[in-house]
Amino acid sequence: MKRIFLGTLLALPFAISSLASQASAAEIIVRPNVHRTVVARFQRKLIPAHWETVRHGHRWVKVRVPARYVNVRV
């Protein structure tokens, strides 16, 4: 009887530690401070028109002479 009781007492801490436990919400995960450089990628786009101010607001005028290239983020 004593052997069973001692065996149970010795096995009890191992049995408790082997049970799955939930993660504590108080755990703090420290990440190294890594700065990633963001490379802005642009593509040149031809704008073949422009806005002109007319008597009743603005008008989109398509002409070839004032066409210009604009950098557009990709």
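Higher on the page you've got the structure.
Residues numbered from 1 in each chain as written. Predicted model: local features only at pLDDT ≥ 70, side-chain atom pairs only at ≥ 80, totals over all residues. Heavy atoms only, no water.

## Observations concerning the overall build of the chain
And step 1. Along the chain, the regular secondary structure elements total 1 helix and 4 strands.
And step 2. In the chain, the succession of α and β elements from N to C terminus is α-β-β-β-β.
And step 3. In the structure as shown, the chain presents an accessible area of about 8200 Å², 60% of it carried by carbon and sulfur atoms. (Helix = DSSP H or I, 4+ residues; strand = E, 2+ residues; numbered from the N terminus. Areas by Shrake-Rupley, 256 points an atom, 1.4 Å probe, with all protein chains shown as cover.)

## Quick notes on a nonpolar patch on the surface
And step 1. A surface patch of nonpolar side chains, about 320 Å² in accessible area, is lined by Phe5, Leu6 and Leu9.
And step 2. Turning to its location among the elements, Leu6 is positioned in helix H1 (residues 2–18).
And step 3. Taking the relative accessible area as the measure of exposure, Leu6 reaches 52% and is therefore exposed. (Patch = residues over 30% accessible without salt bridge, like charges linked within 9 Å, V, L, I, M, F, W, Y side chains within 5 Å. Salt bridge = Lys/Arg side-chain N within 4 Å of Asp/Glu carboxyl O. Buried < 20%, exposed > 50% of the residue type's maximum accessible area, 1.4 Å probe, protein only.)

## Digging into the pairing of strand E3 (residues 57–62)
And step 1. Where strand E2 (residues 49–54) lies against E3, 6 bridges are found, and the strand directions are antiparallel. Opposite Ala49, over in E3, you have Lys62 as the bridge partner.
And step 2. Connecting E2 to the antiparallel partner E3 that follows it, the hairpin turn spans 2 residues. (Pairing = 2+ DSSP bridges.)

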